[in-house]
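One-letter residues, chain by chain:
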Amino acid sequence: MRLTKAIKTLLICGSVLSMVVWFTAARSSQAVSPTVTNPNPAPVIANADDPGYVGSDACKDCHEDQFKAYSHTSHAKLSTIGSWKGKVTGCESCHGPGKNHIAEGDPTKIISFKNKTSKETAETCLSCHAGKEERNNFRRGEHWRNDIGCTDCHSPHSVTTGKNLANSNVLVTAANAEKPGFSSIRMLKANDPQLCLGCHSEVKPAFSSPFHHKVLEGAMRCSDCHNPHGGFELKQARLSTGGDAACIKCHADKQGPFTYEHAPVKTEGCTACHTPHGSANPRLLKFAAVNQLCLTCHSVDHGVGAVEPSGPQHNQNAQYGNCTACHIKIHGSRTSPVFFR
Amino acid sequence: MKSNVKNMLRVLSGLMLVLVLAAGAAIAAEPTPTPTPTPTPKKADAKKAEPKAETTSAQTGEDAGDYTITSSIEIGYRGLSVDGDLNKYKSDLNYKAGPRLFDSSFLMRSKDGKGGLFDTLLVTSSGWGGDPYGQMRILAEKPKWYRFEGSYRRFKYFRFLDNIANPNFIFSPTTFNRPPSTVTGEHGFDTQTQLGDFDLTILPKNEKIRFTVGYSPERYSGPAYTTYHQGGNEFMLLQNLKSRSNDFRLGADGKVGPIDFSFQQGFRRFRDDSFINLGPTLGVNLNPAVASFTTFNRSEPTRTSVNYTTFSVHSLVAGKLDLTARIVHSSSNSNFTFLENETGTNFATRIGSGAGAQLGAPNVLILGQYNIPGNTNRPNTLFDFGATFLATDKLRISNTFRVETFEINGADLFNDFFSVSRGVLVDTRSFSNLGVSKITKYRKYQDTVEGDYQFNKNYSIHFGYRYGSRHIEQILSGFALNSNAPVPLTSVAACTSPSVTCAKDEIETNHTNAFFGGFKARPAKNWTIFFDAEHGTADNVFTRIGNYNYTNIRAKSRYAPNRKMNFNFAVITKDNANPSEIAGVSLTDFGVNIKSRTFTSSFNWVPTSKLSFNTGYNYNWVNSDAVVDYFFQVPPAVSVEHPLGHSLYFQRNNFFYIDVVAQLSPRVSLYATYRVNQDHGQGNRLSDPTGTPGTLINSYPMSYQSPEGRLSIKINRHIDWNLGYQYYDYNENALVGPRPQNYHAHLPYTSLRIYFGRRE
């Protein structure tokens, strides 16, 4: 009761304070405009009739390669879209007004990201890309926390394609870069999962185990289950159909609701028992034998966790003491409190 | 508690309303933006602005009117030769011999961003023509108007393995007339899943409003074995699985004043029409004196609906305060009728023994029937609120708060009928309309306070604290169905000791405190180190494998001396000790300790544009020790022991891989890879279930290696000829079972890759 009151008070005070800050700040924010001297170059949705802005074509003469590559990206096409008309698009939308830079040829008169931190660079991207729920939590996500920014994965200037070289028949590899794919559309530096595995190499063995989700084979992507842009869930996992775990999206028969639910499925999540990336176990269980997994909780009946199995029918003299040979519906049953049918 | 949750939801709803109203006020206070015409470029500038045909990687493609097309398709033939355990091969890989569409991609792009129906069309696919998994993805967009993304995937699952549900593997009471079996387990299946995701966004680049419509179908079907303990025997039943779900969703997201919003309403409809329909079926125990079916059929038609709503708002106030709130509510409802009819012989009927029991074997089961209709619903609400204050350019402070509640209300109505005959005697027992209800209530509060500080481009730290509080309550009411004359469950208060006749009213709470922190450092220009750690404690756990007293540490290093080379190393440790404490009293004798250590390394080197190496080594070490009590019988001994002991699990997995890509000549390139997982598992440790203390030891000692090579020969600009070979070698240690499921598979293939719009 006390906790509830405390949270209520906290929420009400917090919301009032937020409102005050919000309104105060909303007024002051109207004066914000990008300047070269601003150490934090976001946000940069400025008005195109600002005399400081000269247009992307002016950049082409000196930065020809970047311009060529950039001109075919979706960034370059923004100017054709109604809601962006009159606003600065093109190179200057990120690099700021170029007039002085062009006139004086001074590299300090234009915003450069070479010496920006990942977070500062990310702020520039977020000034346009923050509007979708997918990215609402970027500033609280694991990548942000560890100083991984947008340009660590995305290439804002161009779509990179490689040479045509031999590549695997069943694995998504870096060698098949010339083949156009979704990574080029999303301006990723490499394909998903290659990009993710570059840092998260600890999951590689799991994806090469006898049983695994078919990520390396291209039938799934890391981003099918994880939101690389952050989120409220642990491990930046996605949710499916409302508040259910990402797994439920494909494993619909585990969604329930069941009259008799195996409580940990919903309270602890699928990963309480399963290793989702891969395993030598055909059910992707955490342990090799199912009875070990079950006994870890269902043992020593003292009120914590789960009821202890009783009687000789639970003889463990079996190489694969198979709890699930009888307790078939282990995720949840509609008619059996002990998951028999 | 329920009222507290309701109050909390009221407060939160009020807060949401305030936020929305405030947004409206903010919009009203803002000056209406006046569209500014695009400045007319000067003549010289206009000339510059004219698109010039340039050949870049992005522009590669065949000319097709207003579009360019870049496409490739690889078709060929795969051979197959498998030695050893074919079922294991099919369970692991299931690649088949025959013609294949290995892979295809098709990209059509408008030249000037002003295509007709679309500016971009991308279709990719792989794995069609008999491979166990195939996928096709499509993207079509005209950024000004729409964006459509779709995917269709099909997975074929095959599992016939010793180690899925095989009690006969060793378990063989002397009363069985069937010897220990090493054949595959009882839960084999050969099924198929088809999944789709189709999402259409209207006005995808519109800053103010975007509309979304989506549809995701899922189909699951195929034969599968299940088991059923009934009548004193165990039956292996072939069932026909058939379920489907359709998920429809629509929504909108956009910007109102300073607020980004996102709304989605979804409807998922799930139906399960799986059934079993069998004639005479013998049990696993073939002894003619025990039960067998003459007919058996079961169906459980289920219809589930899930309606879900997601609403989120986000705003960055003056570039200083990032606010995000999200509420997700779903309402799930499941209706079903379980119907099972069976006839047979020598049934030990479901109810009773001794005086008053139904006629036992030898008998004839004239009819056994379960008719159980039921309904379950589950409202689930999730609210999250995150606020990040960008205090300075370097310091950020965040708070994230979550409330989650759900309640599962399940109610079944049991109707049982069992009629047996022995000679001229007929004994019928039945009951009907006996209700059982189970309610599960759950709520969770969690708050995380964290900060991060950026010293400069090279150094940053983060730190935080998370508090969580969870509460779960389970209530069982209705009838105890374990007798011929079911009676209402005894109330919890009147129950003197746990019993199946007691109403269950279990309440558990759990509070956790966790601290975490870490840093990113670049001690040298080309060397980056990531480190983070988390330590948490709890006062209780819902499951003994849950986090109780845990410490997780992760350290990663990336060294890139130049753009062509990089070295990566990482160490990850996780420790969780769970003494199964109750109300502050430690039960250390019944603890669970799980430790894992992971070392990972990789080296990537691209010495020239014609040669690249990627290699790495990982080591995974896991020790799990849980104190357990268990039942154990060593045939032919009749007595069953019930010792206390340790359940131990070990993993000692070594993983190594190397990929090499080489362009041997302008027309010939080579890809070669080798991957191996080798788990030494428990080493020479052996289970001693009857020891003092007893030990149950398990692991998965095996090796799994797969080299692959491919030679690609460029015939001309449009065609490559490929020759490839894959080899899979799987070996289990004898500890895994008396009949190791080893196999060796050879998969040679040849293919042609045909290009359109290929770069020279």
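As the structure is a computational prediction, the values presented were derived from the model and not from experiment. Per chain, the residues get numbers from 1 upward, laid out in the order the sequence is written. Whichever chain is written first is A, and whichever ligand is written first is 1; the rest continue in order. With pLDDT at 70 or above as the cut-off, local features in this predicted model cover only qualifying residues; side-chain atom pairs require 80 or more to be listed or tallied, and sums for whole chains, interfaces and linings still use all residues.

Caption draft 1: Seen up close, the overall build of chain B. Helix and strand content of chain B: three helices and 32 strands. Per-residue burial over chain B gives 35% buried out of 760 residues. By definition, residue pairs are in contact when their C-beta atoms, positioned from the backbone, come within 7 Å. Once local pairs closer than 6 in sequence are excluded, the contacts in chain B between residues at least 24 apart make up 61%. Strands are runs of DSSP state E lasting at least two residues, helices are runs of H or I lasting at least four, and both sets are numbered from the N terminus onward. Neighbour density around each residue's C-beta defines its exposure: 20 or more other C-beta atoms within 10 Å make it buried, 12 or fewer make it exposed, and counts between make it partly exposed, where C-beta atoms are placed from the backbone.

Caption draft 2: Structural context of the overall build of chain A. Looking only at helices and strands, chain A features 14 helices and six strands. Out of the 341 residues belonging to chain A, those deemed buried represent 55%. For chain A, restricting intrachain contacts to residue pairs at least 6 apart in sequence, the fraction spanning at least 24 positions comes to 56%.

Caption draft 3: Main features of helix α6 (residues 118-129) of chain A. What a helix should span is 1.5 Å times the count of its residues minus one. For α6(A), with twelve residues, the first-to-last C-alpha span of 16 Å sits near the 16 Å given by 1.5 Å per residue. Taken together, the buried positions of α6(A) are occupied by A:Ser118, A:Lys119, A:Thr121, A:Ala122, A:Glu123, A:Thr124 and A:Leu126. Taken together, the buried residues of α6(A) touch α4 (91-95) and α7 (142-145) of chain A together with β18 (425-454) of chain B.

Caption draft 4: Local environment of the confidence of the model for chain A. pLDDT runs from 0 to 100 and stands for how confident the predictor is about each residue. Residues of chain A with pLDDT of at least 70 account for 80%, and the chain-wide mean is 79. Throughout residues 17-44 of chain A the model reports pLDDT below 50, and contacts reaching past four residues in sequence, or to other chains, amount to 47 contacts.

Caption draft 5: Molecular detail of the pairing of strand β6 (residues 133-142) of chain B. All names here are of chain B. Two strands make a pair as long as DSSP finds a minimum of two bridges between them. Pairing of strand β5 (residues 120-128) with β6 involves seven bridges; the strand directions are antiparallel. Within the sheet, the bridge partner assigned to serine 126 lies in β6 and is glutamine 135. Connecting β5 to the next strand, β6, in antiparallel fashion are four residues, including glycine 129 with a positive phi near 105 degrees. Relative to strand β7 (residues 146-159), β6 runs antiparallel, the two being bridged by ten bridges. The residue bridging tyrosine 133 from the neighbouring strand is phenylalanine 155, located in β7.

Caption draft 6: How the structure looks around unusual backbone geometry. For the bond from B:Ala361 to B:Pro362, the omega torsion is 0 degrees, close enough to zero to count as cis. Note the cis peptide between B:Thr692 and B:Pro693, where omega equals -5 degrees. With respect to the helices, strands and loops of the structure, B:Pro693 is situated in the loop between β28 (668-679) and β29 (694-699). In this model, A:Phe339 sits at a positive phi of 60 degrees, which is unusual for a non-glycine residue. Here A:Phe339 shows up in the segment after β6 (332-333). Among the residues examined, A:Phe339 registers 20 C-beta atoms within 10 Å and is labelled buried.

Caption draft 7: Representation of the pairing of strand β16 (residues 364-390) of chain B within the structure. All names here are of chain B. Sheet topology note: the strand β15 (residues 321-345)/β16 ladder contains 24 bridges and is antiparallel. Looking at β16, one finds that leucine 321 is bridged to phenylalanine 389. Alignment of β16 against strand β17 (residues 395-422), held across 22 bridges, turns out to be antiparallel. Opposite leucine 382, over in β17, you have glutamate 404 as the bridge partner.

Caption draft 8: Focus on helix α13 (residues 290-297) of chain A. In terms of burial, α13(A) is largely enclosed, as eight of its eight residues are buried. All of the buried residues in α13(A) are A:Val290, A:Asn291, A:Gln292, A:Leu293, A:Cys294, A:Leu295, A:Thr296 and A:Cys297.

Caption draft 9: Just the nonpolar core, in detail. For our purposes the nonpolar core covers buried Ala, Val, Leu, Ile, Met, Phe, Trp, Tyr and Cys residues that link as a set through C-beta atoms within 7 Å. One finds A:Ala288, A:Cys294, B:Tyr630, B:Tyr649 and B:Ala745 to be the most contacted residues of the largest nonpolar core, which totals 38 residues. Counting residues per element, the ones that place at least two in this core are α13 of chain A together with β25 (592-608), β26 (611-629), β27 (644-665), β29, β30 (702-716), β31 (719-732) and β32 (743-756) of chain B. Counting residues per element, this core draws most heavily on α13(A), at five residues. In this structure, A:Cys150, B:Phe261, B:Ala387 and B:Val403 belong to the second largest nonpolar core, which totals 35 residues.

Caption draft 10: Representation of the environment of A:Glu92 within the structure. Residues and elements named next belong to chain A. By the secondary structure assignment, glutamate 92 is in helix α4. With 147 residues separating them in the primary sequence, glutamate 92 and leucine 239 have C-alpha atoms 37 Å apart. When residues no more than four places from it in sequence are discounted, the contact partners of glutamate 92 are Tyr53, Pro97 and Gly98.

Caption draft 11: Expanded view of the environment of A:Ile102. Residues and elements named next belong to chain A. By the element assignment, isoleucine 102 lies in helix α5 (residues 99-104). The spacing of isoleucine 102 and valine 54 is 48 residues in sequence and 9.1 Å in space, taken between C-alpha atoms. With near-sequence residues (within four places) excluded, isoleucine 102 lies in contact with Val54 and Ala58.

Caption draft 12: Representation of the environment of B:Val627. Looking at where B:Val627 falls in the secondary structure, it is placed in strand β26. A C-alpha to C-alpha distance of 22 Å links B:Val627 and B:Thr573, two positions 54 residues apart in sequence.

Caption draft 13: Up close: the confidence of the model for chain B. All names here are of chain B. Per-residue pLDDT for chain B averages 85, and the proportion of residues at 70 or more is 86%. pLDDT under 50 marks residues 1-59. Its contacts with residues more than four places away, or in other chains, come to 68 contacts. When the criterion is pLDDT under 50, residues 170-180 qualifies, and its contacts beyond four places in sequence or with other chains add up to 23 contacts.

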